[in-house]
Amino acid sequence: MRFREDWTYTEERLELVAGSMAQLLAKIRPRISSRLIDGIGWDRLLERTSELTAALGSFPFGFEIPLHDARRVADFGVTLVGGSRTAAGYQDRQRSGSAGRSTARLAELLDETDREESLLRKVVGRKMLLEFDIDSEPGCVRPDPGVFLYPVDDALAGGRERLRELNVVHDAVVRAGSWVPDHAERRELERLYLVMPPDTLIKAFGTFPSRKRTMRTAVAGFKTARDVETFLVRTGWPGQAKSVGSILSFFEDRGAFAYLGLHFDITGNGVGPKLGLSFFAREQDWLKDIRFWRALIDGVGERGYARSDKLEELAGRSTGSTTLIDRSGPIKLVHGIHHIKLAITGGQVEEAKAYIFFLMMCMRPKGGGGPGQMAANRRSEAGGN
């Protein structure tokens, strides 16, 4: 398949360009704002990613930027795709007995989604997202990355009652977290799914093995503040649904988003008190043009949810594309805002974060396919989430 040839070529090239993900990030440092990530935050990021292969840059990766925090820090996320050289590396370490706990769990997930007859593969495809907490404090133990699976298309759309599919994803995430099965937790997840409107879907589902146990579930497709408020009441979210509706109405009146995603923490006791609100500027993902985000960024600033200096930098430096020249050949680099998220407890906004993505494509010699087609293939395989 053409897209597999494209990503394999880029994986091979990037491993020649840099000996690790940290070295790759250092090479694209001019495209990563020092007003958003710098100092000890940058040093810890490089330290954490020094153990990751540069081939991970062949798929979407990026940063979680805390816009409310004066510290210049960011957490880091990469896409792991089954069938890639990077995935094979995890699986080879598992087979050789040299894998640590986290690598072994990921290898098992990759093995399962490699099988064409696997129900898990039918629901979530062959990709997952790994989220790395980058602690800016020295001497901290490196936590295992969070693991997130992404249901394909409308595999877990509301109104379908596909409980078997839902449960196979839940079980996979439980194994990824090294948790023990919890029937109460499964029931609470089912309850959330069964009250979802038909025009919404579960967009992501995962857990952080090194944190307190919770199933982080993202439900997307909401178009209005009223729809969100109604859904929060139906889920039994223990916060102020009307306050959330009021917050969203402010942005809705300004045409600041195309659709919304809600992030819930599910435990055996039900829906947790913290709610994430993700804003998407257009129906399509991977936007590299800042004009789509202006209304939202301005609104976040007007409401005082984030620092003005970080919002200014986000608007000025977070989107665009360029061609990097390396001895291995030209590399296309695209970066932009994937989404912006507010974290709410009760009825108050406590955090504001921007999720910045990067796409890298090593251009083939003449006759090998253009960079535009390679980019489309890479986004398609990554699932556009």
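Reading the values: the criteria
Residues numbered from 1 in each chain as written. Predicted model: local features only at pLDDT ≥ 70, side-chain atom pairs only at ≥ 80, totals over all residues. Heavy atoms only, no water. pLDDT = per-residue confidence, 0-100. Contact = heavy atoms within 4.5 Å. Salt bridge = Lys/Arg side-chain N within 4 Å of Asp/Glu carboxyl O. Helix = DSSP H or I, 4+ residues; strand = E, 2+ residues; numbered from the N terminus. Buried < 20%, exposed > 50% of the residue type's maximum accessible area, 1.4 Å probe, protein only. Core = buried A, V, L, I, M, F, W, Y, C linked by side-chain atoms within 4.5 Å. Patch = residues over 30% accessible without salt bridge, like charges linked within 9 Å, V, L, I, M, F, W, Y side chains within 5 Å. Areas by Shrake-Rupley, 256 points an atom, 1.4 Å probe, with all protein chains shown as cover. Lys, Arg positive; Asp, Glu negative; His and termini not counted. Charge placed at Lys NZ, Arg CZ, Asp CG, Glu CD.

## Some words on the confidence of the model for the protein chain
Right, so step 1: Scored by pLDDT, the protein chain has a mean of 91; 92% of the residues are at 70 or more.
Right, so step 2: Counting interchain partners and residues more than four positions distant, the pLDDT-below-50 stretch residues 368-385 has 44 contacts.

## Digging into the pattern of salt bridges
Right, so step 1: Counting across every chain of the model gives 31 salt bridges.
Right, so step 2: Of the charged contacts in the structure, one is a salt bridge between Glu51 and Arg142, with a shortest N-O distance of 2.5 Å. Here Glu51, found in the loop between α3 (39-49) and β1 (61-66), pairs with Arg142, found in the loop between β3 (127-132) and β4 (146-149); they are 91 residues apart in sequence, far enough to count as distant.
Right, so step 3: Look at Glu51 and you get partly exposed, because its relative accessible area is 47%.
Right, so step 4: When salt bridges with common partners are traced through the structure, they connect Arg44, Glu47, Arg48, Glu51 and Arg142 into a single cluster.

## Things to note about the nonpolar core
Right, so step 1: Residues Leu25, Phe63, Phe76, Phe251, Phe264 and Trp293 are the most contacted members of the largest nonpolar core, which totals 105 residues.
Right, so step 2: Counting residues per element, this core draws most heavily on helix α7 (residues 163-176), at seven residues.
Right, so step 3: Phe63 has contacts with Leu25, Ile32, Ile37, Leu45, Ala74, Asp75, Phe76, Ala354, Tyr355, Ile356 and Phe358, leaving out every residue within four places of it along the chain.

## Considering a negative patch on the surface
Right, so step 1: A contiguous patch of negative charge, built from Asp199, Asp227, Glu252 and Asp253, is present on the exposed surface.
Right, so step 2: Inspection of the secondary structure assignment puts Asp253 in helix α10 (residues 241-253).
Right, so step 3: Assessed through its relative accessible area of 65%, Asp253 is described here as exposed.

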